[in-house]
Amino acid sequence: MDPRTLIASCFSSTFEGAEVLFSVDCTKLKDYFLPEKRDFDCIYFNFPHCGRKAGVVKNRELLAQFFHGSAEVLTVEGEIHVALCNGQGGTPADRPRREWHNSWQIVAVAAGAGFILSNVHPFKADTIHGYKCTGYRSQDKSFCVEGALNHIFTRSMPLPYFKPMICEIELESRKVSFQVPQVLVDKINRGFLELNSNHPVWTIKEKLTAELSQAFPLQNIDYCLSLLHQGHLNGVCHSNIFWIILSPEETPSTEEMSNGLANAVLFSHVDFCRDTDKNGWVNVQEGCHISKQYYLRPSLLPYAQAIIQRGAFLPGTLHVLSGPVFRKCLIAPYSMPVFHEMVFVCAVNRGTENKCIQMLMNNIKSSIHSFHQTVPHFKVSINLQEAKSFETTELNDFAAFESQLSKIQYFICMEIDTSGSCEKGFCVGIIRTAHYELVSSELVVVFASLNLDLLAMLICGISDWRMLWTSDTRFLRQFPRGELRLFKSFSLYPPSYVHDVSFWVPDGEQFDEVAFHTVARQVSGEMVVSIQLIDSFQQSETGRKSLCYRLTFQSCDKALSRQEVAGMQLLFRKEINQRLRVALR
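What comes next is a walk through the structure. (Residues numbered from 1 in each chain as written. Predicted model: local features only at pLDDT ≥ 70, side-chain atom pairs only at ≥ 80, totals over all residues. Heavy atoms only, no water.)

1. Notes on the overall build of the chain
Worth spelling out the cut-off: The helix count covers DSSP runs of H or I at least four residues long, the strand count covers runs of E at least two residues long, and both are numbered beginning at the N terminus. A contact between two residues is defined here by any heavy atoms of the two lying within 4.5 Å. Per-residue and other accessible areas were derived by the Shrake-Rupley procedure at a 1.4 Å probe size, with only the shown protein chains allowed to occlude residues.
A tally of helices and strands in the chain yields eleven helices and 26 strands. Nonlocal contacts in the chain, meaning residues at least 24 apart in sequence, comprise 72% of its contacts between residues at least 6 apart. Here the chain has roughly 28,200 Å² of accessible surface; of this, 49% comes from carbon and sulfur atoms.

See the structure below:
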């Protein structure tokens, strides 16, 4: 489209060489242009209104039709600019902000047509070349634009539809396959830690590795680590595990693959089976008999322990392992069902383990502090805290799960101060030690584990873990290779929708809240941002227990409409009835 082309329903100024169209219906833009002239880079709609004393509902309808019409003529990376009077939009940018029901709800209306609000700034008529305010209904009475805002919308990535994914792996010299849990389909094989990556978690991993290599002889464990574990999970709640059943029927047929009904990903892995010793530490053995049930690895700790137990280590050398791990958890902004873990293993002489721990911490601190150069207004405090000083209820999900695996000596805690606002302390890592008498009575092994995703969120100011996994290219564009910067959201003030669900718990059963949250993740495609228990009661006569939960749906990177959420809620009710055997009320 010629950039000089203007569309207008009312236009009084002149542009030399510009094409001006009159009486254009903004809700049916494609009807006014030939197909080859429908690719607009920018569409402006200043102070839309139905006219006369139309209420907010009528004006919402006008905007909804306008956005749908614009979607048919806007380029992929085009923008829609909508100027509204102060308070009309209904976003936190309005000062003062109207009550939601009395606003035009512009972000929610735009979401219905697949648009997200990417920027908002004051509307200044004197800075727009050729723009002239004609007054209130073209009368002498001036039209008030004080406090008006210009809302800039861009296209959203479509809501995901995930096909079943089959993973094929080498297990004890046999090729086996399994179906990836649906909540993880878009998170398997993303390659964030590969050499050609510019993802923030890769940058943090590389910086840590480079810094630690200055203090320790360093060896990266670069052979493939199995996605699957097998064996006894001592002390770990089974509801926190993604269980996998190996079954020949799960291998997609040739017809399914050719029709695109299933995706297949090949992983060539060395597999370890695991058990625990009398101290609760994980024993790892190779070549165990294949059973029918495995689980996605919740930790890289078994592989670190395997290095020590096989004697495949050099005292004083820091062995480094990294990769994604998988843990079912409750829904929360900083609770992640999958994240990238980095594990350091070092065997040192007995009595020198504290010195080793201090060297590790000094270099981790130095590495984290170095990001201050590229992340403005970023101040960090990172320190070791003894594990015994924490109550279980004080631990975040990452730390709480780690404490189930084995005894922890120290938590690595981090506080962030950005522009004078200090985030609470987060546990981003743990340190534990162990003695392996059968390997050497003179050595103590130091294990350190870091949650790279949580580090990336805190350093870059990312408030929602889901953003790390977005497929929208606007996320990675903000992070040139090897650099970290303060993240700027490209989806502002996303609309949220609240639904309640009430049900009777099956008699004599303990309600599995983690499973409840996991079903919500699956049916919504991670669009549920919060689940709160708002009411519960028990019948005195029968002993039956009823629970009522409030679900808040909100996307951090995509347009999410009220109609789409309604469909998710209906599916959620159906799924919890079937899977958790609850009786809906």
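That shown, we press on.
2. Quick notes on unusual backbone geometry
That bond from arginine 95 to proline 96 is cis: its omega, -5°, falls within 30 degrees of zero. One can find proline 96 in the loop between β4 (74-84) and α2 (106-111). You will see that asparagine 189, though not glycine, has its phi angle at about 65°, which is positive. Turning to its location among the elements, asparagine 189 is positioned in the loop between β8 (174-179) and α3 (200-212). Its identity as a non-glycine residue notwithstanding, tyrosine 493 has a phi of 45°, on the positive side.

3. A word on the environment of isoleucine 576
With respect to the secondary-structure elements, isoleucine 576 resides in helix α11 (residues 562-579). Residues isoleucine 576 and alanine 520 lie 56 residues apart in sequence; the distance between their C-alpha atoms is 8.7 Å. Dropping the residues within four chain positions of it, isoleucine 576 is found in contact with Val501, Phe503, Phe516, Val519, Arg581, Val582 and Leu584.

4. Details of the pattern of salt bridges
Our working rule: By salt bridge we mean one thing: a side-chain nitrogen of Lys or Arg within 4 Å of a carboxyl oxygen of Asp or Glu. Classification of residues uses two cut-offs on accessible area relative to the type maximum, computed with a 1.4 Å probe and protein chains only: under 20% is buried, over 50% is exposed, and between them is partly exposed.
This structure, assessed with the given rule, holds 14 salt bridges. Glutamate 402 serves as the salt-bridge partner of arginine 327, at 2.5 Å between the closest nitrogen and oxygen. Linking arginine 327 in the loop between β16 (318-326) and β17 (338-349) with glutamate 402 in helix α7 (residues 397-405), this pair joins segments that are 75 residues apart in sequence. For arginine 327, a relative accessible area of 4% puts it in the buried group. Exposure remark for glutamate 402: the relative accessible area of 0% places this residue in the buried category.

5. Details of the sheet that holds strand β6 (residues 149-155)
Here is the rule we go by: In this scheme, strands are said to pair when DSSP sees at least two bridges between them. Helix axes are fitted to C-alpha atoms over the stretch in contact, other axes to C-alpha atoms as well, and angles between N-to-C directions run from 0 to 180 degrees.
Strand order across the open sheet formed by four strands is β3-β4-β6-β5, with mixed pairing between neighbours. Of all strands in the sheet, those with a lone pairing partner are β3 (40-46) and β5 (115-122), marking the two edges. Strand-to-strand twist across the sheet, computed as the mean angle between neighbouring axes with direction ignored, equals 20°. Pairing geometry for β5 and β6, over seven bridges, is antiparallel. Paired with leucine 117 across the strands is phenylalanine 153, a residue of β6.

6. Some words on the packing of aromatic side chains
Just so we agree on the cut-off: Stacked, edge-to-face and tilted labels apply to pairs of Phe, Tyr and Trp rings (six-membered ring for Trp) whose centres lie within 6.5 Å, assigned for plane angles under 30 degrees, over 60, and everything in between, in that order.
One pass over the structure, following the stated rule, counts 21 aromatic pairs. Residues phenylalanine 192 and tryptophan 469 carry aromatic rings whose centres are separated by 4.8 Å and whose planes lie at 40° to one another, so their mutual orientation is tilted. Note that phenylalanine 192 is positioned in the loop between β8 and α3 and tryptophan 469 in the loop between α8 (452-460) and α9 (473-476), a separation of 277 residues in sequence. Take phenylalanine 192: its relative accessible area is 8%, and that puts it in the buried class. For tryptophan 469, a relative accessible area of 5% gives the class buried. Their ring planes at 70° and their centres at 5.2 Å tell us that tryptophan 243 and tyrosine 295 sit as a pair that is edge-to-face. Residue tryptophan 243 is found in strand β11 (residues 243-245), and its partner tyrosine 295 is found in strand β15 (residues 293-296); the two are separated by 52 residues along the sequence. For tryptophan 243, a relative accessible area of 30% corresponds to the partly exposed category. Look at tyrosine 295 and you get buried, because its relative accessible area is 1%. What links up through ring pairs into an aromatic cluster is the set Phe45, Phe66, Phe67, Phe115 and Phe153.

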